[in-house]
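Chains, contacts and geometry: an overview
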Amino acid sequence: MTRPAPRVVEALNAALHRLFEERSSLHLLGEDVRDPYGGAFKVTRGLSTRHPDRVLSTPISEAGITGVAGGLALAGDQAIVEMMFGDFAALAFDQILNLISKSVTMYGDRVPMPVVVRCPVGGNRGYGPTHSQSLQKHFVGVPNLALYETSPFHDPYAQLAEGLDRGPAMLFEDKVLYTRRMFRDGVVDEHHRFAMRGGSTGWAHVSPMDGTAADVVLICPGGTTHRALDAARILRARGIAAHVLVPARLYPPDLEPVLPLLADARLVAVAEESTEGGTWGAEIAARVHTRIWSHLRSPVLQLNSADSVVPTAPHLESRVLLGAERIAAEIEKGAARSLQPRGPAAPLVAAGSETAGAGAGEQPAAAAVDSAEPAAGAPVAVPKLNNNDTAYLVVRWFADDGAYIGEGDPLVELETSKAVEEIAAPADGHLRIRAAEGSEVGVGDLLAELLAEPPAAPAPDTSALTPSDERVAAPVPAAVNPTVAPPAQEPAPAARTHVLDRAQQGTAAVVTRAHREVPVAFAAVEVRVDAVLARLRTLSDETGAEVGLPEAVVKAVAAAHPDFPHLFGTLVDERTVRLADTVDIGVTVDAGNGLYIPVLRDCAGRSLADLSDDLMDFRMKAFRAEFTAGELSGGCLSVSLNTEPGVLFVQPIVMAPQLCMVSVGGRLTRLVLEDGVPTSTTVVTLGLAYDHRVVNGRDAIAFLRAVADALHDAERLVACAGPQ
């Protein structure tokens, strides 16, 4: 099995270890950087164990830390400084501006100053006004000071090594990147690839797989990468081809490798998270204007966060910080002013034309088509249904392939992260299905065609995905919103009512379906967890991931798969169970705005630390309702997490087409006798709701005992987790 690409935090940690092995004079200074803490974001984990004399945990004094680093450099050594949060670099500004950067040239001869100041920056973590800023712009233009920013494309070793060699330098590390994986092998996703321009510390150039030339070139620093990529996907669905450029070095910028691309584009935009005014983006725009003004169709579009402090509340924070939807919307408006049609296949509409009255999110249907072959009839493309998702799940078709459909008739149901949406036929015609039920489709992908004549040959049969002789909807995760029948009569005007929100309506629909379709039974056991909790605390210190009981239960459930494969299967018909090839387990997440069941992938083959990172990511997405349909589908078994203190046990509901759901309750203290001595112990209750058509009570109890045994043997549980 191919090992997944490292996370950005792992790449940074590996880079530091390599530099310390290669450079005997290198020191690292910062607050809480020594083991076992390894820094606030675990970037320095393991360094002090290997190099105890050169990794120094310092008092809380950013000016003092940076001043010592400057002194080490003047004495001939090398130093890396870690700011616990980049916001605190303001406290070290005097040392960076007036000592470290000036010392290079103010003594008559050029003096090497191999110092790199590392700064975790950026928001979208709910850390509030003084721990969420992007301060890069305040250091742009300081003589002798180079600025770098981590990205999922660039090796941080090359950035740090170059920063030390040309020093001094600052490396900005957007905190949202720490848990993101590096891109590798030139692949971003199924629609985008990347290549490097200008060497390892040059530019990452993201472009469409099909080689489409750039309508828009979007330049962004590394921390904005994923928002820029999401914006490019949105624009692709709206008929605008966007390329993305991400530099390894922010300042001084080397535009030479990318000038030809910028000169050929019809619109150039720069997107960054900082507030406007004296920004890195403004510096880039000024240089682009100076170099290729005669080639530009319009001024460089500059996009920034709102002029505000960064709030702590997620819903307010998202309004302030620059997001993918706003990037796409602003570029689309700029495109309407500056882009010209490339030909009849790309009718980009300018303001004032016949169709300019359409809403900002509406385009002619043909503009959103993406097909490997030319559409033979009226195309039906995947529309943009909300601001959170870029892909949806095809739940069911309302007509068979080849059937005649009238304009406005129900055509297909698509499942988003929050709802099941019904798509109507945009024209009359005979249906040719291009996306099978149960498949995931991106915004702008081709769903179907409506032909004047019946198709000559039937499309591939998709009914094998469902029980024979019957079309069954694909699994509907929680937090969907199918149509709910209105009440028979309105309540009396004086009556007090509570209207279910969309998320809860979706949960109600799933529960109703589960009760209707699955003959469920339930069993429970009590498990002692003292040993596993102690081992998990140690593992958290070792890995830097916050590994807890939920991850351990998921891993223990996955470990039972070889002995109980049918519990992880899907009922195909009354006598057949389709077994799962990989153990993909759904977990319940409720952040107060709806119940979600996102899916942890390959739980048997991945480490507890990896599962912990994914669960943390799920919790953040639940706060912001950012799940895609793909993240909420495909599980072969689910675990209901109810680990709040005092919860005795929970009886979950089996989510068809799954056959089982495990529940875990809160920690409880029990008094037991051990060798005749009363001793307190911590226990939880494990439950199993199971489809009685497939699973009997004997199997259910044996399965729960196997999970309990895995939790009892903490060392074995950690060992079976794969590399940490």
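The structure reproduced in this document is the subject of the present report. (Residues numbered from 1 in each chain as written. Predicted model: local features only at pLDDT ≥ 70, side-chain atom pairs only at ≥ 80, totals over all residues. Heavy atoms only, no water.)

Bringing helix α15 (residues 697-712) into the picture now. Look at α15: 22 Å from first C-alpha to last across 16 residues, which is about the 22 Å you get at 1.5 Å a residue. Residues A700, F703, L704, V707, A708, A710 and L711 constitute the buried set of α15. All buried residues of α15 fall inside an arc of 160 degrees around its axis, so they share one side. Across α15 from its buried face, at more than 90 degrees, point the exposed residues R698 and R705. Residues of α15 that are buried make contact with β22 (520-528), α12 (530-543), α13 (549-559), β30 (660-664), β32 (677-691) and α16 (714-719). (Helix = DSSP H or I, 4+ residues; strand = E, 2+ residues; numbered from the N terminus. Expected span 1.5 Å × (residues − 1). Buried < 20%, exposed > 50% of the residue type's maximum accessible area, 1.4 Å probe, protein only. Arc of directions from axis to C-beta. Contact = heavy atoms within 4.5 Å.)

All right, on to the packing of aromatic side chains then. Any pair of aromatic rings gets described here by the distance separating the centres and the angle formed by the planes. The tally for this structure, following the rule as stated, stands at 12 aromatic pairs. An aromatic cluster is built from F41, F85, F88, Y127 and Y178, whose rings are joined through pairwise contacts. The lysine or arginine in question, R18, covers the ring of Y157, its NZ or CZ lying 3.6 Å from the ring centre. The ring of Y37 is capped by K42, whose NZ or CZ atom sits 4.1 Å from the centre of that ring. (Phe/Tyr/Trp six-rings, centres within 6.5 Å; stacked < 30°, edge-to-face > 60°. Lys NZ or Arg CZ within 6 Å of the ring centre and 35° of its normal.)

With that settled, consider helix α8 (residues 280-292). Compared with an ideal rise of 1.5 Å per residue, which puts 13 residues at 18 Å, α8 spans 18 Å between its outermost C-alpha atoms and is within 8% of the ideal. Listed as buried for α8 are W280, G281, I284, A285, V288 and I292. Taken down its axis, α8 places every buried residue within 135 degrees of arc, on the same side. The backbone nitrogen of G281 has a side-chain oxygen 3.4 Å away, supplied by the residue at the start of α8, namely T279. (Polar contact = N/O pair within 3.5 Å; in protein donor to acceptor, adjacent residues only side chain to side chain.)

With that settled, the discussion passes to the pattern of salt bridges. Counted by the stated rule, this structure contains 31 salt bridges. The closest approach of N and O atoms between R23 and D165, which form a salt bridge, is 3.0 Å. Within this pair, whereas R23 is found in the loop between α1 (8-22) and β1 (26-30), its partner D165 is found in helix α5 (residues 156-166), the two being separated by 142 residues in sequence. The exposed category is assigned to D165, whose relative accessible area is 59%. The salt bridge partner of R291 is E256, with a shortest N-O separation of 2.6 Å. You can see R291 sitting in helix α8 and its partner E256 sitting in the loop between β11 (249-251) and α7 (259-264), a full 35 residues away along the chain. Connected through salt bridges with shared partners, the residues R7, R181, R606, D610, D613 and D614 form a single ionic network. (Salt bridge = Lys/Arg side-chain N within 4 Å of Asp/Glu carboxyl O.)

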